Amino acid sequence: MTKVFDAYPWLGPVLFVLAFVLAPLVPGGYVLYIFTLVIIYTLASFGTNILTGYTNLISMAGAVFFGIGAYGSAILTTHFGVPLVLSMFIAASIATVVGLLLALPVLRLEEVFLAIATLGFVMISVEIAKSSGDMSGGENGMGAPGPTLFGWALDERAYHVFTALVLAGALWVARNLARSRFGRGFLAIKGSETAARALGLNTTALKLVAFGVCAFYTGLSGALYAPLVRFIDPSLFSIMVSISFVSMVIVGGLGSILGSVLGAVFVIGAPQLLTYLGFDQFQRALYGVAMILALMFLPDGLSSLFKRKRLPGADAAQSGGVR
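As the structure is a computational prediction, the values presented were derived from the model and not from experiment.

A. Looking closely at the environment of Asn202. Topologically, Asn202 is positioned in the loop between helix 9 (193-198) and helix 10 (203-229). A distance of 3.1 Å separates the side chain of Asn202 from the backbone nitrogen of Ala205, its partner in a polar contact.

B. View of the packing of helix 11 (residues 239-252) against helix 12 (residues 257-276). Direction vectors running N to C along helix 11 and helix 12 enclose 120 degrees, while the axes themselves pass 7 Å from each other. Judged by the inter-axis angle, helix 11 sits oblique to helix 12. Taken as a pair, helix 11 and helix 12 cross one another with a handedness that is right-handed. Where helix 11 abuts helix 12, its residues Ser244, Ser247, Met248, Val251 and Gly252 lie against Gly259, Gly263, Ala264, Phe266, Val267 and Ile268. Residue composition of the contact of helix 11 with helix 12, grouped by class: six nonpolar, five polar and no charged.

C. Quick look at a nonpolar patch on the surface. A surface patch of nonpolar side chains, about 540 Å² in accessible area, is lined by Val289, Ile292, Leu293, Met296 and Phe297. Relative to the helices and strands, Met296 resides in helix 13 (residues 283-297). What makes Met296 exposed here is its relative accessible area of 54%.

D. Representation of unusual backbone geometry. Phi angles above zero are rare outside glycine, and Asn56 is one such case at about 65 degrees. Here Asn56 is to be found in the loop between helix 3 (30-55) and helix 4 (62-80). Residue Asn56 is classed as partly exposed on the basis of its relative accessible area, which comes to 45%. Here Arg230, not a glycine, exhibits a phi torsion of approximately 65 degrees, which is positive. Structurally, Arg230 is set in the loop between helix 10 and strand 4 (231-232).

E. Highlighting the packing of aromatic side chains. This model, assessed by the stated rule, comprises 13 aromatic pairs. Measuring from ring centre to ring centre gives 6.2 Å for Tyr41 and Tyr225, while their planes differ by 85 degrees; the resulting arrangement is edge-to-face. With Tyr41 in helix 3 and Tyr225 in helix 10, this pair connects stretches of sequence that are 184 residues apart. Residue classification places Tyr41 among the buried residues on the basis of a relative accessible area of 10%. Residue Tyr225 is classed as buried on the basis of its relative accessible area of 14%. Each member of the aromatic cluster is reached from another via a ring pair, and the members are Tyr41, Phe66, Tyr225 and Phe245. The ring centre of Phe182 lies 4.6 Å from the NZ or CZ of Arg181, which sits over that ring.

F. Structural context of the pattern of salt bridges. Scanning all chains against the criterion turns up two salt bridges. Residue Glu193 is joined to Lys207 by a salt bridge in which the shortest nitrogen-to-oxygen separation is 2.9 Å. Linking Glu193 in helix 9 with Lys207 in helix 10, this pair joins segments that are 14 residues apart in sequence. For the pair formed by Glu193 and Lys207, the shared burial category is buried.

Calculation criteria
- Residues numbered from 1 in each chain as written.
- Predicted model: local features only at pLDDT ≥ 70, side-chain atom pairs only at ≥ 80, totals over all residues.
- Heavy atoms only, no water.
- Helix = DSSP H or I, 4+ residues; strand = E, 2+ residues; numbered from the N terminus.
- Polar contact = N/O pair within 3.5 Å; in protein donor to acceptor, adjacent residues only side chain to side chain.
- Axes fitted to C-alpha atoms, helices over the stretch in contact; angles between N-to-C directions.
- Parallel < 35°, antiparallel > 145°, perpendicular 65-115°, else oblique.
- Left-handed = near helix turned anticlockwise from the far one by under 90°.
- Contact = heavy atoms within 4.5 Å.
- Nonpolar A, V, L, I, M, F, W, Y, C, P; charged D, E, K, R; others polar.
- Patch = residues over 30% accessible without salt bridge, like charges linked within 9 Å, V, L, I, M, F, W, Y side chains within 5 Å.
- Areas by Shrake-Rupley, 256 points an atom, 1.4 Å probe, with all protein chains shown as cover.
- Salt bridge = Lys/Arg side-chain N within 4 Å of Asp/Glu carboxyl O.
- Buried < 20%, exposed > 50% of the residue type's maximum accessible area, 1.4 Å probe, protein only.
- Phe/Tyr/Trp six-rings, centres within 6.5 Å; stacked < 30°, edge-to-face > 60°.
- Lys NZ or Arg CZ within 6 Å of the ring centre and 35° of its normal.

Printed below as a string of structure tokens:
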């Protein structure tokens, strides 16, 4: 099995997307909701892994971008009548701009100092969301309209297919980004920022690109989340949301697209599935034990069960070049 995935690195992600595209064949209701939720959070996992897995920058601002995407899409659709698809990309673009503005002052920091600085931004965002006006509902939150596409209302199965197609497009972009000069530049920064500068790379610009891509993916994830749950509140900006994004990357595997997918399945899908199976009373305990065991026996993440490769180009970079 490992040899097959090593020979065809695209096979794992393709099989994952195919499985979720076919998920509407399963009974609807809560099971399908879990599948759709995992797809949406996988997008956020992609964004976090692009930033952390490539450049080794740890940001806790994921909840900010996720909340901006959710609120932005809901407000544009509800109050201004913007079509769903357009509102999603506008909201993700706003999250990207906010991410770039945040990155400018904090990218001078490294490691834990960067994490703490972005954590402070999350705390500020929660208070802003709570004290906002009637347009966003303030502390009480607001309703989000159900999904529509070109004027047609989408049921739960149709919206699931829509989110799966968005995920497929995001996966294709992520793989091509990894193989581009930006991806190679990210990996150079991760190896040694001083060496990257010596090679003539503009490390500040590369970090900004990584931060912007992370913000866009996470914002798009939030924009897809709002029509699914149809109600959003300031809890979307909480630190626990950011922690869940980082957890997905660590548990799934740093620097691995497949790891982003597996991390979302484990961190988001597993608790929901335990609740569905009737273990809601023991959900947190069972989930906590499973996470501890995964980190103890799989330090490279769940993706190491299939292959021990990083994001496309990582192994080649370590061996001295990109194939």
